[in-house]
Amino acid sequence: QMQQQQQYQYQQQQMMMSGHDPHHDRMEHSSRHDPRSESRAEREHRRPPSSSRRKEPKPPKDPLPQASIQELERYENSLYEDSAEEKAHGVKCILRLCTEPLYLESLLDHEVLLGVLSRVLREDAKKSHELSVSIVCVFLCFSHFSAFHPALMQHQCGDVTLRVVEYESKRYHVRCAERNQKLQLLGSCADESERAKFQKEVKKYQILENRQSKLLHVCISVLLNFAEEVAVEKKMVNRKLPHYLVQLLDRNCDELLLTALTFLRKLSIFEENKDGMVQDGALEALSRLASHQNAYVALLALRLLFNLSFDEQVRNSLVESGIVKLLVDLLRNPPFRQIVLKLLYHFTMDDRCKSLLTYHHDCIPMLLQLVVHFPDQQRVGKELVGLCVNLSTHPRVADMMVQCEEFPRVVMRVVKTRDALLCKVVRNVCAHDGVREQVYHGMAAAGAAASRWLHDLVHMGAACARGDYDNPELLVEVLGTLANMTNEEVPWGEICEQ
């Protein structure tokens, strides 16, 4: 009993020294609620909400292993192993180091590293997909910095990357040929078991295609970074890179499409590259991608079409493909509006396209609405007013403009902002027989202010002649508009006197 009592006292002393009060524990224990005495409502109130009881989603697993810069030699030695798994693990560790920009210069000091990676990619690219992706990702990390490009080109990193693109492109066509051949052999008389087997093979092809698209996306990104120098870009063109890029436009991977379209747009500024793209069937693919569900892909496709549309033959081919209707529909979408206006401006340089736009009854009113609602005290955008100038030279389009409710507001905007190009639209409209009469009567019926539009033009022309406005282009357009109004009912004497 004495030993138990001494042990109890010793425990009390230890608890006091640690700052723990045993009497407080007894008081706290006595003050706790008895769960049996709580009501059901109180227990429901004390229960944590269901959302807090849910398990939080686990973070995604990091695909790259942890690595240390001190172990770089060991990672480099693993590239000489015979096993593809050991090589892939070593490359992943190097890739982990490359994700830290501070280590890039240290990695570049190892002169053998890039050469070994280039050799492994050249020899084992066909054997291991994982190894190929990892090595090309290492090249991508370095290629983001122009200062590292000479070292990468010295070790032929761009050459081996382009070889991967060539090989994967050929492999894709072989797989497509095999799949089409099996589909033809299957025929329409096959039973359900054969069809189920074929569907499994189709899913297998889709998985392989998705893996290949990821690899090609990284490869094209590396080559796009290398193409900053025109000399390197010419070497890629000589290796038929534009041909392979056009073939990639049939893929379903959005990231790959964005990279390929960006590269093609860069190459399309040279005429020889543009001709090669057209011969490879780029126009059909781009017309299809212009309506892609991904807005970024559709925008890039339209911008590439704009670069190609400087050629008259290309414009004729696009008009025959029915892309004008798609462009009119995209005009309602603000993100596409600027590039669509540029394309329509190119197309309306030909009278054939002007006639086609008359069949789209919403196009002309939509353009006039854009003109009227353009910010005040500013001249209308060049793409928009240039398109209206081209269209106003067509008699049928001019007649549709006058019949729109917004046309009197367009004329009054000319008077208010003194926009010379917008005044050119009015001048072209008034140049057509049968239309100028509609303009005169329509402006007279639009209100007191609109009915004096000729008076305002005379005052504007006189002010330009006196030098009040330093705008000779406006003077030319105002005089041209007044000269086109050859209607007998125009009271020129009264207008000039006033």
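What you are looking at is a predicted structure, and each value in this text was computed from that prediction instead of being measured. (Residues numbered from 1 in each chain as written. Predicted model: local features only at pLDDT ≥ 70, side-chain atom pairs only at ≥ 80, totals over all residues. Heavy atoms only, no water.)

## Looking at the packing of aromatic side chains
Put simply, the rule reads: Two rings from Phe, Tyr or Trp (for Trp, the six-membered ring) form a pair when their centres are within 6.5 Å of each other. A pair whose planes differ by under 30 degrees is stacked, one over 60 is edge-to-face, and the rest are tilted. Think of it in three bands: with a 1.4 Å probe and only protein chains considered, a residue is buried below 20% of the maximum accessible area for its type, exposed above 50%, and partly exposed in between. Comment: the charge-over-ring label is applied if NZ (Lys) or CZ (Arg) is within 6 Å of the ring centre and within 35 degrees of the ring normal.
Scanning the entire structure with this criterion turns up three aromatic pairs. The interplanar angle of 70° and the centroid separation of 5.8 Å between the aromatic rings of phenylalanine 142 and phenylalanine 148 together place this pair among those described as edge-to-face. Phenylalanine 142 sits in the buried class, given a relative accessible area of 0%. Note on phenylalanine 306 and phenylalanine 310: the rings are 5.3 Å apart at their centroids and 65° apart in plane angle, and the pair reads as edge-to-face. Among the aromatic residues, those joined into a ring-pair cluster are Phe142, Phe145 and Phe148. A cation sits over an aromatic face here: arginine 251 above tyrosine 172, 3.8 Å from the ring centre. Stacked on the ring of tyrosine 469, the Lys or Arg arginine 418 has its end atom at 4.2 Å from the ring centre.

## Here's the deal with unusual backbone geometry
Rule in force here: Comment: elements are numbered from the N terminus, with helices defined as DSSP H or I runs of at least four residues and strands as E runs of at least two.
Located in the positive-phi region is lysine 240, a residue other than glycine, with phi close to 65°. Residue position: lysine 240 is located in the loop between α13 (230–238) and α14 (241–247). A positive phi angle is found at arginine 418, which is not glycine, with a value near 55°. The residue arginine 418 is located in the loop between α26 (407–417) and α27 (420–430) in this model.

## Examining the environment of glycine 434
When you line up the elements, glycine 434 lands in the loop between α27 and α28 (435–444). Sequence spacing of glycine 434 and aspartate 399 is 35 residues, and the spatial spacing of their C-alpha atoms is 8.4 Å.

## Some thoughts on helix α24 (residues 382–392)
Spelled out, the test is: Throughout, a residue-residue contact means that at least one pair of heavy atoms, one from each residue, lies within 4.5 Å.
Within α24, nine of the 11 residues are buried, which leaves it mostly tucked inside the rest of the structure. Taken residue by residue, α24 has Leu384, Val385, Gly386, Leu387, Cys388, Val389, Asn390, Leu391 and Ser392 as its buried positions. Against the buried residues of α24 lie α21 (334–347), α22 (351–357), α23 (363–372), α25 (395–403) and α27.

## Some thoughts on the environment of cysteine 137
Its place among the elements puts cysteine 137 in helix α9 (residues 129–143). Given the relative accessible area of 18%, cysteine 137 is considered buried. Sequence separation of cysteine 137 and valine 218 is 81 residues, and the distance between their C-alpha atoms is 6.6 Å. Aside from chain neighbours lying at most four places away, what touches cysteine 137 is Leu95 and Val218.

## What to know about a negative patch on the surface
Heads up, the condition is: Residues enter a patch when their relative accessible area is above 30% and they make no salt bridge; the linking distance is 9 Å between like charges and 5 Å between nonpolar side chains (Val, Leu, Ile, Met, Phe, Trp, Tyr). Here, Shrake-Rupley sampling with a 1.4 Å probe gives the accessible areas, and only protein chains in the shown set may cover a residue. Throughout this description, the term salt bridge denotes a Lys or Arg side-chain nitrogen within 4 Å of a carboxyl oxygen of Asp or Glu. The charged-residue count follows a simple rule in which Lys and Arg add positive charge and Asp and Glu add negative charge, with His and chain termini not counted at all. Charge placement uses NZ in Lys and CZ in Arg. For Asp and Glu, CG and CD serve respectively.
Taken together, the side chains of Glu81, Asp82, Glu85 and Glu86 define an acidic patch exposed on the protein surface. Within the fold, glutamate 81 resides in the loop between α5 (72–77) and α6 (84–98).

## Points about the confidence of the model for the protein
Test applied: Here pLDDT means the predictor's own confidence in every residue, given as a number from 0 to 100.
With 87% of its residues at a pLDDT of at least 70, the protein reaches an overall mean of 85. Long-range and interchain partners of residues 13–39, a stretch whose pLDDT sits below 50, account for 10 contacts in this model, where long-range means more than four residues apart.

## Topic: the nonpolar core
Soluble globular proteins tend to pack their nonpolar side chains together in the buried interior. Formally: To qualify as a nonpolar core, a set must consist of buried Ala, Val, Leu, Ile, Met, Phe, Trp, Tyr and Cys residues joined through side-chain atoms within 4.5 Å.
Ranked by internal contacts, the top residues of the largest apolar core, which has 147 residues, are Phe263, Leu302 and Trp453. Element by element, the count of residues in this core is highest for helix α18 (residues 295–308), at 10 residues. If we ignore the near neighbours within four places in the chain, the residues touching phenylalanine 263 are Ile220, Leu223, Leu224, Ala227, Met236, Leu241 and Leu245.

## Section: the side chain of serine 213
Counting through the fold element by element, serine 213 comes out in helix α12 (residues 192–226). For serine 213, a relative accessible area of 2% gives the class buried. When neighbours within four sequence positions are excluded, serine 213 is seen to be in contact with Arg251, Cys253 and Leu256.

## Describing the packing of helix α15 (residues 254–267) against α18
The cut-off we apply is this: Geometry is summarised by axes, namely lines fitted to C-alpha atoms with helices restricted to the contacting stretch, and by angles between N-to-C directions that run from 0 to 180 degrees. Put simply, angles under 35 degrees are roughly parallel, angles over 145 are roughly antiparallel, angles from 65 to 115 are roughly perpendicular, and the rest are oblique. What makes a crossing left-handed is the near helix being turned counterclockwise from the far one by less than a right angle; a clockwise turn instead makes it right-handed. Charged means Asp, Glu, Lys or Arg here, nonpolar means Ala, Val, Leu, Ile, Met, Phe, Trp, Tyr, Cys or Pro, and polar covers whatever is left, Gly included.
For the pair α15 and α18, the least separation of the axes is 9 Å and the interaxial angle reads 20°. Comparing their axes, α18 and α15 come out roughly parallel. Judged by the twist between their axes, the crossing of α15 over α18 is left-handed. Across the interface between the two elements, Asp254, Leu257, Leu258, Leu261, Thr262, Leu264 and Arg265 of α15 pack against Tyr296, Val297, Leu300, Ala301, Arg303, Leu304 and Asn307 of α18. In the contact of α15 with α18, the residues fall into nine nonpolar, two polar and three charged.

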